[in-house]
Amino acid sequence: MPTSVVTGGAGFLGSHLTERLLQEGHHVVAIDNLLTGNERNLDHLRTEKRFRLIRHDVTQFISVEGPVDFVFHFASPASPIDYLELPIQTLKVGSLGTHNALGLAKAKGACFLLASTSECYGDPLVHPQKEDYWGNVNPIGPRGVYDEAKRFAEAMTMAYHRFHQVDTKIVRIFNTYGPRMRLRDGRVVPAFVGQALRGEPLTIFGDGKQTRSFCFVSDLIDGIYRLSQSKFHEPVNIGNPVELTILEFAERIRRITGTKSEIIKKPLPVDDPKQRQPDISRAKKILGWEPLVPLEEGLQKTIPWFQANLEKSSGG
Ligand code: UDP
């Protein structure tokens, strides 16, 4: 049975990936400093003998006993609010953390998979985004701490592949949603759903004409698992290509939740990408993957999670 290390294992994606790897028969060592992750995401796995959680900051040397077959590097603040509040930690985990995680993979002879991001494309001038597009990133803007850290992480990953022959993979993750997202992480899905459930106005940033494409977490994790089993070393976009404006998304949330909340406008954050849609032809061809869960169905599976967390935070 293979052993996988998942950095950021207590986070939204890390915890879902951990679960999937356990289902596939892996032993899993999750590593997390709980800066934006939460142990509660792994509570249901505590009795699982093939699982353990190590509380550790991966910007420091990572030490894991015994053989390791896969290293999945998922540790990082990932919502715009988080990386604006934690700029140095974001830069460090993408750079030093990636270096340490690659060093672990090299020392153990393990495969390495980097959780990269559509933010590598910045505010894209090419649409939809294909993996061979180099991006339009402002290195010194507020989002630069995340974008450039991930771009550095990709460069470091390819260097370990080319120079040390580490078996590496890179997934570029587009907007993803699902249970275990933090209600107040500032991203648009928890923001709008939380506002709708509380009966507060839905806050659209800018004119709402900017676009995003939302992937349900189970689809994303399936694409990532398939990539980990492949022999493909260049970046692969994983995301849902169904694109909609943020205004359309707000209307969708109003309809599904049945809220009477109005829509209000707030200033657009600096360097907010105007459009984003993954071209997934590479994932289709190489992994035989495409998303299966429509937005409506994914939201129906996600809203109860936010509802339960709303009740907890209001003491209900
Ligand atoms: N957004 C919004 N209202 C909110 C939160 C986000 O209009 O309360 C917009 C944001 O400006 C962006 C899009 O929704 O255009 C997606 O934002 P998110 O923070 O989810 O992540 P991003 O895709 O920008 O990384």
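In what follows, the structure referred to is the one given above.
Described in the following lines is the structure provided in the data block.

With that out of the way, let us pick up the site of the ligand. Around the ligand lies a shell of 18 residues, among which T203, F205, R212, D272 and R276 are the nearest. N175 has a polar side-chain atom sitting 2.8 Å from an oxygen atom of the ligand. Contact between the ligand and R276: an oxygen atom at 2.8 Å from a side-chain N or O atom of the residue. With the chains in place, 95% of the 520 Å² that the ligand exposes on its own is no longer accessible. Those elements that place two or more of their residues in the shell around the ligand are α5 (188-198) and β8 (202-205). The class makeup of the residues in the shell around the ligand is 8 nonpolar, 4 polar and 6 charged.

Moving on to the sheet that holds strand β6 (residues 168-173). The 7 strands lie next to each other as β3-β2-β1-β4-β5-β6-β11, forming an open sheet whose pairing is parallel. One side of each edge strand has no neighbouring strand; the edge strands of this open sheet are β3 (51-55) and β11 (236-238). Each strand of the sheet is rotated relative to its neighbour by a mean of 20°, with strand direction disregarded. Where strand β1 (residues 3-7) and strand β2 (residues 27-32) come together, 5 bridges link them in parallel fashion. Bridge assignment links T7 to a residue of β2, and that residue is I31. Sitting on the sheet, helix α1 (residues 12-23) is in contact with β1, β2, β3, β4 (70-73) and β6, with an inclination near 170° to β1. Each of β4, β5 (111-117), β6 and β11 is contacted by helix α6 (residues 217-228), which is oriented at about 160° to β6, the strand it contacts most.

On to the pairing of β1, then. Across the 5 residues of β1, 5 count as buried, placing the element largely inside the fold. Both faces of β1 are covered, namely the face carrying T3, V5 and T7 and the face carrying S4 and V6. In terms of strand pairing, β1 meets β4 through 4 bridges, oriented parallel. Paired with S4 across the bridge in β4 is F70.

Because an α-helix packs 3.6 residues into every turn, residues spaced three or four apart end up facing the same way. With 21 residues, helix α4 (residues 144-164) ought to run about 30 Å at 1.5 Å a step, and its terminal C-alpha atoms sit 28 Å apart, in line with that. For α4, the full list of buried residues reads G144, V145, Y146, D147, A149, K150, A153, E154, M156, T157, M158 and Y160. Looking one or two residues past α4, Q165 carries a phi angle of roughly 55°, positive in sign.

Here we come to α1. With 12 residues, α1 should cover 16 Å at 1.5 Å per step; its first-to-last C-alpha distance of 17 Å lies within 8% of that length. Within α1, 10 of the 12 residues are buried, which leaves it mostly tucked inside the rest of the structure. Three or more residues of α1 are buried, namely F12, L13, G14, S15, H16, L17, T18, R20, L21 and L22. Following α1 by one or two positions, G25 adopts a phi angle in the positive range, close to 95°.

Between two cysteines, a covalent bond joining their sulfur atoms is known as a disulfide. Inspection of every chain in the model, using the stated rule, returns 0 disulfides. Not engaged in a disulfide, the cysteine C215 finds its nearest cysteine sulfur in C120; these two sulfurs lie 17 Å apart.

Inspection of every chain in the model, using the stated rule, returns 1 cavity of 30 Å³ or more. By volume, the largest cavity is sized at about 30 Å³. For the largest cavity, the full set of lining residues is F70, V71, F72, C111, F112, L113, K169 and S228. When residues of the lining of the largest cavity are traced back to their parent elements, those giving at least two are β4 and β5. For the lining of the largest cavity, the class distribution of residues is 6 nonpolar, 1 polar and 1 charged.

The rules we used
Residues numbered from 1 in each chain as written. Predicted model: local features only at pLDDT ≥ 70, side-chain atom pairs only at ≥ 80, totals over all residues. Heavy atoms only, no water. Near = heavy atom within 4 Å. Polar contact = N/O pair within 3.5 Å; in protein donor to acceptor, adjacent residues only side chain to side chain. Areas by Shrake-Rupley, 256 points an atom, 1.4 Å probe, with all protein chains shown as cover. Helix = DSSP H or I, 4+ residues; strand = E, 2+ residues; numbered from the N terminus. Nonpolar A, V, L, I, M, F, W, Y, C, P; charged D, E, K, R; others polar. Pairing = 2+ DSSP bridges. Axes fitted to C-alpha atoms, helices over the stretch in contact; angles between N-to-C directions. Contact = heavy atoms within 4.5 Å. Buried < 20%, exposed > 50% of the residue type's maximum accessible area, 1.4 Å probe, protein only. Expected span 1.5 Å × (residues − 1). Disulfide = S-S within 2.5 Å. 1 Å grid on protein atoms, 1.4 Å probe; cavity = no way out; pocket = protein on both sides within 12 Å on 5 of 7 lines; lining within 4 Å. Points joined across faces, edges and corners; volume = space filled by probe spheres on them.

Keep in mind these values describe shape, not function.
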